[in-house]
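Fold and contact review
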Amino acid sequence: MAKKRSLNPTAGKRAMERAFQSAKARYAEAGVDVEVGIRILARIPVSIHCWQGDDVGGFESAAGALGGGLAVTGNYPGKARNPGELRADLERALSLIPGRHRLNLHACYGEFGGKRVDRDEIEPSHFEGWIQWARSQRLGLDFNPTCFAHPKAADGLTLSHPDRAIRRFWVDHCRRSREIGAVIGRTLASPCVTNVWVPDGYKDTPADRRSARERLLGSLDAVFQKKLSPRHNLDAVEGKLFGIGAESCTVGSHEFYLGYAITRGKLLCLDSGHFHPTEGIADKISSVLQFIPRILLHVSRGVRWDSDHVVTLNDDLLAIAREIIVNGYIDRVHLGLDYFDASINRIAAWVIGTRNLQRALLAALLEPPGIKAAEARGDLTARLALQEEARTLPLGAIWDRFCDLNDVPVGERWLSEVKRYESTVLCSRS
Ligand code: RNT
Ligand code: ZN
């Protein structure tokens, strides 16, 4: 085996510093102060989804099959089996991601002490362990009711179910979830975004879409009846186009929730995988923010029928980040990730996706002002020319600097830490 050549750390540092200084000068020529971009990026939290760590499994003693249009493929070894393992894995991922972030928790990740606690019985105490841990890690927490993987969701219907008792069950679950959100937000002194997504839909053409939507509307109004302080809890609602087994109609469609969010004063959650495959969410941001004060994004990557691939640094992602930053929307957009891939190391999946979102935000923060200026004076030739030149500005050197300043590995060096963790910790899990 060839001996690994280890880079002299001081020489490496010096090379990085030189690359940064030359990149900084290049950006300055384009009218960009990279120090400002670096400072802003450090303050943008990403809500990292807990469910990438165990294939949306959760810790209930009697969980049902995933269902609800959700599917995780792959069986990479080492998935977290309990809260302790999930937290350890998250700590490892967070140590490789620059900046301070949030954790997005699903209700099925409560700690129930081996007892069977049904979804309509969950309480803040079941999340005490997470709250304490989040405090110790200086993380904010966000929350979601889990309206799938349960016998009462076996037919793919929850809040819009024709059976009143089943609807009631899910209303109670969602009510409890937002109250837990409020406790989280109050305890951590940072508002918890509680996002309601339900899978309700039909494989084949329904004969009555109207009644289903009326039932969903009624249930949601019941869920949100109790007023909670927005300093503690912010409600969000998430629509979708279709899922596996819900190909013909999704009750909570985009139009449904857009109307709901506007009329009820809720955050709208836009998931990048929940629209027609050629439709991106970047363009929707400045549209919906004309009517809604704040939105939540589930940044994901749709591939054909699936919407949950690890986020890569592609044009869709760059466009989403750009719309938020260049339009000055950063204080009105809550950024979250939503994907689940069990075919690769799960910690790497977190690190890759989060770092990519941050890289896209940095690219947007470093956009040359000449682009907008060219458009403003009607010079569309210059706009296109500058847009294309901007693609090859030396973003990498600024990103490396950002990682270094935030004490996380620069470049692909994080990967060897994940590999080491895999062989020492993950491989011993059966
Ligand atoms: C499903 C939605 C939803 C879920 C999570 C697990 O299509 O995107 O956000 O992915 O709640
Ligand atoms: Zn989502």
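The model shown is predicted, which means the values in this text are computed figures rather than measured ones.

1. Remarks on the overall build of the chain
Along the chain, the regular secondary structure elements total 14 helices and 12 strands. The C-alpha radius of gyration computed for the chain amounts to 22 Å, which stays within 12% of the reference 22 Å derived for 430 residues, consistent with globular compactness. Expressed as lengths along the three principal axes of its C-alpha atoms, the size of the chain is roughly 65 × 60 × 40 Å. By the burial criterion, 52% of the 430 residues in the chain qualify as buried.

2. Observations regarding the packing of aromatic side chains
Considering all chains together, one arrives at nine aromatic pairs under this definition. An angle of 85 degrees between the planes, with centres 5.0 Å apart, marks the rings of F127 and F143 as edge-to-face. With a gap of 16 residues between them, F127 in the loop between β2 (102–106) and α4 (128–137) and F143 in strand β3 (residues 140–144) connect regions that are remote in the sequence. The residues F127 and F143 share a single accessibility class, namely buried. Ring geometry for F224 against Y260: centres 6.1 Å apart, planes inclined by 40 degrees, an arrangement best described as tilted. Separated by 36 residues along the polypeptide, F224 in the loop between α6 (209–223) and β6 (233–238) and Y260 in helix α7 (residues 254–264) bring together distant segments of the chain. Neither residue differs from the other here; F224 and Y260 are each classed as buried. Grouped by ring-pair contacts, the aromatic residues F224, F256, Y257 and Y260 constitute a single cluster.

3. Focus: the side chain of H232
Within the secondary structure, H232 is located in the loop between α6 and β6. The exposure class of H232 is buried, given its relative accessible area of 17%.

4. A closer look at the coordination of the zinc ion (ligand 2)
Within the protein, the atoms that donate to the zinc ion (ligand 2) are E238 (OE), D271 (OD), H298 (ND1) and D338 (OD), at distances of 2.1 to 2.2 Å. Around the zinc ion (ligand 2) sit six donor atoms, and with donor-metal-donor angles ranging over 71 to 167 degrees the site reads as octahedral. Donor residues for the zinc ion (ligand 2), ordered by position in the chain, follow E-x32-D-x26-H-x39-D. One end of the pair, E238, is in strand β6; the other, D338, is in the loop between β12 (333–337) and α10 (346–365), and 100 residues separate them in sequence. On the basis of relative accessibility, which here comes to 3%, the residue E238 falls in the buried class.

5. Points about the packing of α10 against helix α14 (residues 413–424)
At a minimum axis separation of 10 Å, α10 and α14 run at an interaxial angle of 160 degrees. Here α10 lies roughly antiparallel to α14, going by the angle between them. Viewed along their axes, α10 and α14 form a crossing whose handedness is right-handed. Residues I347, A348, V351, I352 and R355 of α10 lie in contact with α14, whose contacting residues are W414, V418 and Y421.

About the criteria used
- Residues numbered from 1 in each chain as written.
- Chains lettered and ligands numbered in written order.
- Predicted model: local features only at pLDDT ≥ 70, side-chain atom pairs only at ≥ 80, totals over all residues.
- Heavy atoms only, no water.
- Helix = DSSP H or I, 4+ residues; strand = E, 2+ residues; numbered from the N terminus.
- Rg over C-alpha atoms; globule rule 2.2 N^0.38 Å.
- Buried < 20%, exposed > 50% of the residue type's maximum accessible area, 1.4 Å probe, protein only.
- Phe/Tyr/Trp six-rings, centres within 6.5 Å; stacked < 30°, edge-to-face > 60°.
- Donors = N, O, S within 2.8 Å, 3.2 Å for Na, K, Ca; no water.
- Tetrahedral: all angles 85-135°; square planar, octahedral: opposite > 155°, others 65-115°.
- Axes fitted to C-alpha atoms, helices over the stretch in contact; angles between N-to-C directions.
- Parallel < 35°, antiparallel > 145°, perpendicular 65-115°, else oblique.
- Left-handed = near helix turned anticlockwise from the far one by under 90°.
- Contact = heavy atoms within 4.5 Å.

On their own, these measurements won't tell you what the molecule is for.
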